[in-house]
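# Close look at the chain arrangement
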Amino acid sequence: MQTNLAYQEEFREELINGEIVAMSPAASNHNRIGGNIYYLFRKYLEGKLCEPFGDGEAVYLTETDHFIPDFMIVCDPDKIKGDGVHGAPDLVVEVLSPGTAKNDRGRKMEVYGKCGVREYWIVSPNEKTVEQYIQDSGRLVLSGVYFVPPDYTPEKELAGIAKEFRCSLFDDLTIRLEDIFLRVQ
């Protein structure tokens with residue numbers, strides 16, 4: 001019997017509040033966004049202490065919370081072990097999927113905040129938005145919402161819409177929305 005090796009499902013799981021939660025496979029736009037963010041930070045962090053991690057790297061935060069974020073940056077190399085990151089990353093990015101939005105905005109955001117994640121982004125492929133949250137005494141507080149305006153937006157309104165923002169971790173890094181959403185349909 002011959003098997004088709006081109007089609008193999010990879011099942012991944014997270015531990016959220018002590019419950020095993022299966023992760024669904026990422027769609028093309030989800031993968032594009034994650035790859036675009038990784039590329040931006042990989043170039044910027046070359047030769048620096050902080051290290052970027054793309055989708056697939058586990059982060060162990062509590063006994064009952066082990067997540068696999070879509071992207072993260074870790075600036076403390078002692079947290080990086082052979083099986084993943086042990087302790088709070090400095091930046092975490094979650095790209096929304098219909099099945100993950102509740103956890104990304106709920107329990108995961110709460111745990112990221114309590115454990116000391118300094119900055120957290122929630123990225124919506126459908127709305128082409130980035131919500132930026134900043135650490136404030138054990139919780140993550142919304143700092144800004146950035147979006148790519150629809151094509152039908154009148155020219156006079158475009159002038160007031162931010163096309164870029166700064167990551168709070170790095171004063172000299174400007175994030176352009178067009179780079180995050182490059183080739184996203």
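Now for the sheet that holds strand β11 (residues 129-135). Ordered by their spatial adjacency, 6 strands build an open sheet running β3-β6-β9-β10-β11-β12, and the pairing between neighbours is mixed. One side of each edge strand has no neighbouring strand; the edge strands of this open sheet are β3 (51-54) and β12 (140-147). Averaged over neighbouring strand pairs, the angle between their axes works out to 15° when direction is ignored. Note: β3 against strand β6 (residues 71-74), 4 bridges, orientation antiparallel. What sits directly across from G54, in β6, is F71.

Among the structural elements, D90 can be located in the loop between β8 (84-86) and β9 (91-95). Classification of D90 by relative accessible area gives buried; the value is 10%. Among the polar contacts listed, one links the side chain of D90 to the backbone nitrogen of C75, at a separation of 2.7 Å. Those residues in contact with D90 that sit more than four places away from it in its chain are I73, V74, C75, D76, V117, R118, E119 and L169.

The next thing to look at is helix α3 (residues 107-115). K108, M109, V111, Y112 and G113 are the residues of α3 that are buried. Of the residues one or two after α3, G116 is the one with positive phi, at around 105°.

Definitions and cut-offs
Residues numbered from 1 in each chain as written. Predicted model: local features only at pLDDT ≥ 70, side-chain atom pairs only at ≥ 80, totals over all residues. Heavy atoms only, no water. Pairing = 2+ DSSP bridges. Helix = DSSP H or I, 4+ residues; strand = E, 2+ residues; numbered from the N terminus. Axes fitted to C-alpha atoms, helices over the stretch in contact; angles between N-to-C directions. Buried < 20%, exposed > 50% of the residue type's maximum accessible area, 1.4 Å probe, protein only. Polar contact = N/O pair within 3.5 Å; in protein donor to acceptor, adjacent residues only side chain to side chain. Contact = heavy atoms within 4.5 Å.

Read these as geometric descriptors, not functional statements.
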